[in-house]
There are 2 protein chains.
Amino acid sequence: VANTRVELIATGDELLNGSVVDTNSPWLMERLVALGLPVWRKTIIGDDHPAIVAALRLAAEDSDVAIVSGGLGPTSDDLTAACAADAAGVELRLDPATLKSIEARLSARGFPLSSNNRKQALVPTGATIFANRFGTAPMFELPLRRARFFFLPGVPREFFGLVEEILLPALSGLAATAPLRRTKVLKTYGLPESQLDQKLNDLPSLFPGLSLGYRTTLPENHAKLTTVGTTAADNLKAATVEARRRLGLNCFAEDESTFSAAVVATLLAHGATLAVAESITAGRIASLIAETPGVSKVLRGGFVTYTDETKHALLGVPRELIAKHGAVSGPVAEAMAVGARERAGASYAVATTGLAGPEGDAHHPIGTVFTALASESNVCSIGHRFPGDRAGIREFAAYAALDVLRRDLLTRSS
Amino acid sequence: VANTRVELIATGDELLNGSVVDTNSPWLMERLVALGLPVWRKTIIGDDHPAIVAALRLAAEDSDVAIVSGGLGPTSDDLTAACAADAAGVELRLDPATLKSIEARLSARGFPLSSNNRKQALVPTGATIFANRFGTAPMFELPLRRARFFFLPGVPREFFGLVEEILLPALSGLAATAPLRRTKVLKTYGLPESQLDQKLNDLPSLFPGLSLGYRTTLPENHAKLTTVGTTAADNLKAATVEARRRLGLNCFAEDESTFSAAVVATLLAHGATLAVAESITAGRIASLIAETPGVSKVLRGGFVTYTDETKHALLGVPRELIAKHGAVSGPVAEAMAVGARERAGASYAVATTGLAGPEGDAHHPIGTVFTALASESNVCSIGHRFPGDRAGIREFAAYAALDVLRRDLLTRSS
């Protein structure tokens, strides 16, 4: 087969009632992608015998590898071994080596062997057993029609240990034949997803084997470029160059890098320092750039001035200016930026003022935001209208203020 | 049918490569459980036309309700509407009302309608369309064999909004026959999960039909009380009173209420105002309490002073004090709080200084934080040592600073 089809099945009522989020699977998915074995389907099934058997039978038809987790514990709702035997049409048998190791584990902790624990040593006839040094449940492999099935306990510590020690080495043979795959994530701000797609959607016709995907984590939009085949690395490099050329300054970072890191790196590269004056964002801008280590070299200081009075007292915004234009206005945003820059002794300052809701005012709809940028020689402001709820509007405002600064610095250098 | 079979299908490559954890589904599962409609199967499928069609066809056989999320965006990897039409054996049609609302949304932000956006108005013939006031993608319902299918966008903000406004009301008719079930979430700060469990684990023996669950979203630990049966509401009320008695001030909020809202409400109730002086948290404290609408009545002002120089220049912390004790010290935290309180004219101030890493200094390990609280009559500081990475340490520090204030105010009133 050209593409090995790998699927995951996780069992357990707790994964279906919202009380536990299955974080085993995303962790495993990442490792499988790195091996060149991406997962094509993931299913969660409760502690329900017929439903588990049906899911196993479906996987036996549809996949080459099925990795099943959960339901191998000692209690009455642990059904997986019996379901595997039913799906394969075989009996359960007692595995003496597993029983011995369970007994040894328990006696080391001073517990006797209970009939529940004895149940954990029952495995489907024909299964290959792997010793589990992380807990009492056995891990086993069972062939079933098209698929190789691997059964693992769902307890995270045991699951992680067995995946690293046994599962991934067992699958690496399959991976050798899987096609080479490389990915690059380009992170953008300032383009709606539809425009991002319009800028990039003909790239797969220019670069053979390239595929595109998109993801939105507001206010960021990400494009993911994937190439497959022996020239994947070269193709990806060329496609990335072309994509970045088209995206221009809208693209602020690649892969694991962040907007915060991009702003801090740009400030550092220009020997610039920053002050912030925040009304609507109320600390979010400072907090956002402080996510990046080393920010103390560029962040001179910040002011949260939520009220007219503190805009005047802490930043020196003239009371008449607020009375004339209103606190939510370009002139007030500019005066905030100028005041913050001077007081903190920074080369640049950004400022925000606006309405995040849920209540608006008589003059502006919710989502109205003014951002300002001040430097030694200049000050300017921009009016925005952001969509979404209170949290979304504040996040858009924080990005907008910093993005004007980032673009200004990058344009300066070119 | 005695039991309505509900299943979830989420689509998107990003959910299968480990880069995004699907948190929409656990959130929805919890709400469906509360309605008496637990999910029996959850499937994730990539952006793969035949695989999505197969999953829809399987659900049409196996379930009474299928809730499908993702793949309704404007880009070429958004396939769900076309897959739904294929699975139902119908054509796509252009929905004029949806097209109109997409056009209006885009033009409000100054963007023209692209051919991609036009694609979002294509829906399967025979589908019932629900207006989506949270975004451009339409939500629709389509009957298919045994199942009623509901299709929703996967973008969390749109998904959450449409579930609350349209999906749950549409399903509540089905839920009428399910046993009565009531839940209460108690949110705590300051108790490790094991201690929380020790305080509450005998409650099920005292209140018949009560079950307990725990969930950690650092730095918060939540306990969830669930009761079932005709007296569920009364039992829950009595169990909640007892649980809150045992948890005391560690419990800051119930259900959907937040730590931010609890702090703001406490300040309002005492007619108190707040100033913040932030070094390690760098705006996170101000930003956290500003999540709550109406915060302008209590938040007088904030200072982000990341460097020794701004601690002196903006807050008046004496240079000798920093030289003597170091910037990461109780005396400096106290001087920051005193300076912020005076300059912003607030009745209280909180301050933070510490080391979030990744680099430490010669005197303190990473995670060392000092928080301070200043009032008109008093100032005090506390030294902490928080676990985790940079982001976690900063979040713990923000909570710790505000929690001292919250407890101080609540103790004052009793």
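To be clear, the structure that these remarks concern was listed above.
Described below are features of the structure shown in this document. Just so you know, these numbers come straight off a predicted model, no measurement behind them. (Residues numbered from 1 in each chain as written. Chains lettered and ligands numbered in written order. Predicted model: local features only at pLDDT ≥ 70, side-chain atom pairs only at ≥ 80, totals over all residues. Heavy atoms only, no water.)

### Topic: the sheet that holds strand S2 (residues 39-45) of chain A
Paired through backbone hydrogen bonds, the strands of a sheet run either parallel or antiparallel to each other.
Argument step 1. Pairing is mixed in the open sheet, where 12 strands are placed in the order S6(A)-S7(A)-S8(A)-S3(A)-S1(A)-S2(A)-S2(B)-S1(B)-S3(B)-S8(B)-S7(B)-S6(B). The outermost strands of the open sheet, each flanked by one partner alone, are strand S6 (128-130) of chain A together with strand S6 (128-130) of chain B. The average undirected angle you get between the axes of adjacent strands in this sheet is 20°.
Argument step 2. For strand S7 (residues 139-144) of chain A and strand S8 (residues 147-152) of chain A, the ladder comprises 5 bridges, and the chain directions are antiparallel. Counted as the bridge partner of Leu144(A) is Ala147(A) from S8(A).
Argument step 3. Each of strand S1 (6-11), strand S3 (65-69), S7 and S8 of chain A is contacted by helix H3 (residues 80-88) of chain A, which is oriented at about 15° to S7(A), the strand it contacts most.
Argument step 4. Here helix H3 (residues 80-88) of chain B sits on the sheet and contacts strand S1 (6-11), strand S3 (65-69), strand S7 (139-144) and strand S8 (147-152) of chain B; the angle it forms with S7(B), its principal contact strand, is near 20°. (Pairing = 2+ DSSP bridges. Helix = DSSP H or I, 4+ residues; strand = E, 2+ residues; numbered from the N terminus. Axes fitted to C-alpha atoms, helices over the stretch in contact; angles between N-to-C directions. Contact = heavy atoms within 4.5 Å.)

### Details of the interface of chain B and chain A
Argument step 1. Across the contact, 61 residues belong to chain B and 61 residues belong to chain A.
Argument step 2. Roughly 5,200 Å² of surface becomes buried between chain B and chain A when both sides are summed, with 61% attributable to carbon and sulfur atoms.
Argument step 3. Seen at the junction of chain B and chain A, the total is 20 residue pairs in polar contact (both at pLDDT 80 or more).
Argument step 4. For the side of chain B that touches chain A, the secondary-structure elements that each account for two or more residues are helix H1 (24-34), strand S2 (39-45), helix H2 (49-62), helix H5 (115-119), helix H11 (284-289), strand S14 (299-304), helix H12 (308-315) and helix H15 (390-413) of chain B.
Argument step 5. Looking at the side of chain B that touches chain A, the element that brings in the most residues is S2(B), giving 7 residues.
Argument step 6. Residues that form the side of chain B that touches chain A fall into these classes: 27 nonpolar, 20 polar and 14 charged.
Argument step 7. Taken together, the 5 bridges between S2(A) and S2(B) define a ladder with antiparallel strand orientation. Counted as the bridge partner of Ile45(A) is Arg41(B) from S2(B). (Buried area = accessible area lost by both parts, 1.4 Å probe. Polar contact = N/O pair within 3.5 Å; in protein donor to acceptor, adjacent residues only side chain to side chain. Nonpolar A, V, L, I, M, F, W, Y, C, P; charged D, E, K, R; others polar.)

### Section: the packing of aromatic side chains
Argument step 1. For the structure on display, the rule yields 21 aromatic pairs over all chains.
Argument step 2. On the numbers, 5.9 Å between centres and 15° between planes, the contact of Phe149(A) with Phe151(A) is stacked. The exposure classification of Phe149(A) matches that of Phe151(A), with both residues buried.
Argument step 3. Relative to Phe160(A), the ring of Phe159(A) has its centre 6.2 Å away and its plane inclined at 70°; by these criteria the two rings are edge-to-face.
Argument step 4. Overall, Phe159(A) belongs to the buried group, its relative accessible area being 2%.
Argument step 5. For Arg5(B), the ring lying beneath its charged end belongs to Trp40(B), and the centroid distance is 3.8 Å. (Phe/Tyr/Trp six-rings, centres within 6.5 Å; stacked < 30°, edge-to-face > 60°. Buried < 20%, exposed > 50% of the residue type's maximum accessible area, 1.4 Å probe, protein only. Lys NZ or Arg CZ within 6 Å of the ring centre and 35° of its normal.)

### Some remarks on the pattern of salt bridges
Argument step 1. Applying the stated criterion to the full structure yields 44 salt bridges over all chains.
Argument step 2. For the salt bridge of Asp22(A) with Lys42(A), the shortest nitrogen-to-oxygen distance reads 2.7 Å. Within this pair, whereas Asp22(A) is found in the loop between S1 and helix H1 (24-34), its partner Lys42(A) is found in strand S2, the two being separated by 20 residues in sequence.
Argument step 3. Overall, the relative accessible area of 4% leaves Lys42(A) in the buried class.
Argument step 4. For Asp403(B), the salt bridge is made with Arg407(B), and the minimal N-O distance between the two is 2.7 Å. Residue Asp403(B) and its partner Arg407(B) are both found in helix H15; the two are separated by 4 residues, about one turn of the helix.
Argument step 5. By relative accessible area, Arg407(B) is classed as partly exposed at 26%.
Argument step 6. Taken together, the shared-partner salt bridges in this structure form one network comprising Lys184(A), Arg244(A), Glu254(A) and Asp255(A). (Salt bridge = Lys/Arg side-chain N within 4 Å of Asp/Glu carboxyl O.)

### What to know about the side chain of Asn132(A)
Residue and element names in this part refer to chain A.
Argument step 1. With respect to the secondary-structure elements, Asn 132 resides in the loop between S6 and S7.
Argument step 2. Accessibility expressed as a relative area gives 9% for Asn 132, which makes it buried.
Argument step 3. Side chain to side chain, Asn 132 and Glu 158 meet in a polar contact 3.0 Å long.
Argument step 4. What Asn 132 contacts, discounting residues up to four positions off in sequence, is Arg 105, Ala 137, Pro 153, Glu 158 and Leu 162.

### With respect to the sheet that holds strand S12 (residues 251-254) of chain A
All names here are of chain A.
Argument step 1. The strand order across the open sheet formed by 4 strands is S10-S11-S9-S12, and the pairing between neighbours is antiparallel. Strands at the two margins of the open sheet, each flanked by one partner only, are strand S10 (210-217) and S12. Averaged over all neighbouring strand pairs, the angle between strand axes comes to 25°, with direction disregarded.
Argument step 2. Sheet analysis places S10 next to strand S11 (residues 220-228), joined by 8 bridges and oriented antiparallel. When the sheet's bridge partners are listed, Leu 210 is paired in S11 with Thr 227.

### Quick notes on the packing of helix H12 (residues 308-315) of chain A against helix H14 (residues 330-344) of chain A
Residue and element names in this part refer to chain A.
Argument step 1. Two elements in contact, H12 and H14, have axes separated by 9 Å at closest approach and are oriented at 35°. The hand of the H12/H14 crossing is left-handed. In this structure, H12 uses Lys 311, Leu 314 and Leu 315 to contact H14, whose residues at the interface are Val 332, Ala 335, Met 336, Gly 339, Ala 340 and Arg 343.
Argument step 2. A class-by-class count of the residues in the contact of H12 with H14 yields 6 nonpolar, 1 polar and 2 charged. (Left-handed = near helix turned anticlockwise from the far one by under 90°.)

### Concerning the nonpolar core
Argument step 1. With 46 residues, the main nonpolar core has Phe303(A) and Phe303(B) as its most contacted residues.
Argument step 2. Not counting residues within four places of it along the chain, the set of residues in contact with Phe303(A) comprises Val276(A), Ala277(A), Glu278(A), Leu314(A), Leu315(A), Ala340(A), Arg343(A), Ala344(A), Gly302(B), Phe303(B) and Leu314(B). (Core = buried A, V, L, I, M, F, W, Y, C linked by side-chain atoms within 4.5 Å.)

### Re unusual backbone geometry
Argument step 1. Cis geometry is adopted by the peptide bond preceding Pro219(A), which originates at Leu218(A) and carries an omega value of 5°.
Argument step 2. Relative to the helices and strands, Pro219(A) resides in the loop between S10 and S11.
Argument step 3. Positive phi, normally seen in glycine, also occurs at Arg145(B), with a value near 50°.
Argument step 4. Mapped onto the elements, Arg145(B) comes out in the loop between S7 and S8.
Argument step 5. Even without glycine at this site, Asp255(B) takes up a positive phi of about 55°.

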